[in-house]
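Observations on the model geometry
Each chain, letter by letter, is given below.
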Amino acid sequence: MPSLIVEPPNTQRFIMDRDDRNRNKNIGKNFMCRLQCMFSHSSSSESRLSLEDTQQWSQSLEKMLLKQYYGLATFRNFLKSEYSDENIEFWLTCEDYKKIKSSFRMSSRAKKIYEQFIKAESPKEINIDYHTREQIKRNVKTPTMHCFDDAQKIVYGLMERDSYPRFLRSDIYRTLLESLAADATKG
């Protein structure tokens, strides 16, 4: 009968921590490959991702999302890798919703947004309080371009306090910075 070797708990924790670090490092490398493919198709140097732009992402979530196409794409991919992309998807959907001019399209789109993000147990349910959820439920009956504003502010605050700091500490962001810094010293 084969004997079972049991390692001390500290050794198991070390092995698990090492495995997690290796997995995260590989995630960062794989993500870098995807980013390089995405960004290398840019022909002009102005539209290429630069170290300076990437460093500016750490100044504010607003600067990264609103002024940096690559920042938004990178943050979005980071959230997808963490299975927590519902907040950015909702926020972007609301930004698009505000551009709708037709009242018929606005009504139709408001109902879809409610069903997808707001309604309890919805596929991409966002984390908002009961009062806000109920207010939106009423607003969707006669939608305006501002009917999701309260929820959008809540979600933005959640991203700013939680997801964004995690992104800045992530292997994905650090690996991207290191890679761009290495490229800058070569070129």
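Residues numbered from 1 in each chain as written. Predicted model: local features only at pLDDT ≥ 70, side-chain atom pairs only at ≥ 80, totals over all residues. Heavy atoms only, no water.

Going by an unreviewed UniProt entry, the protein carries the name RGS domain-containing protein and comes from Oreochromis aureus.

Our next topic: the overall build of the protein. For the protein, the helix and strand inventory stands at nine helices and zero strands. A buried classification covers 36% of the 187 residues belonging to the protein. (Helix = DSSP H or I, 4+ residues; strand = E, 2+ residues; numbered from the N terminus. Buried < 20%, exposed > 50% of the residue type's maximum accessible area, 1.4 Å probe, protein only.)

Here the focus is the side chain of D85. By the element assignment, D85 lies in the loop between helix 4 (69–81) and helix 5 (86–97). Of the side chains bearing the opposite charge, K124 lies closest to the buried D85, which forms no salt bridge; the N-O distance is 4.6 Å. For D85, the residues in contact, after removing those within four places along its chain, are L79 and K80. (Lys, Arg positive; Asp, Glu negative; His and termini not counted. Salt bridge = Lys/Arg side-chain N within 4 Å of Asp/Glu carboxyl O. Contact = heavy atoms within 4.5 Å.)

Moving on, we get to the pattern of salt bridges. All chains considered together, the criterion is met by nine salt bridges. For K99, the salt bridge goes to D96, with nearest N and O atoms at 3.9 Å. Between D162 and R166 there is a salt bridge whose closest N-O contact spans 2.7 Å. Within this pair, D162 and its partner R166 are both found in helix 8 (residues 149–169), separated by four residues, close to a single helical turn. Linked through salt bridges whose partners overlap, the residues forming this network are E82, D162 and R166.

In this structure, L65, F75, I88, F90, I118, F148 and M159 are the most contacted members of the largest nonpolar core, which totals 39 residues. Counting only elements with at least two residues in this core, the list comes to helix 3 (61–67), helix 4, helix 5, helix 6 (103–118), helix 8 and helix 9 (171–186). Sequence-distant contacts of M159, defined by excluding residues within four places in its chain, comprise L61, L65, F75, N87, I88, W91, Y164 and P165. (Core = buried A, V, L, I, M, F, W, Y, C linked by side-chain atoms within 4.5 Å.)

In this section: the environment of L168. Looking at where L168 falls in the secondary structure, it is placed in helix 8. Sequence separation between L168 and W57 is 111 residues, and the spatial gap between their C-alpha atoms is 8.4 Å. Look past the residues within four positions of L168 in its chain and what remains in contact with it is W57, S58, Y173 and R174.

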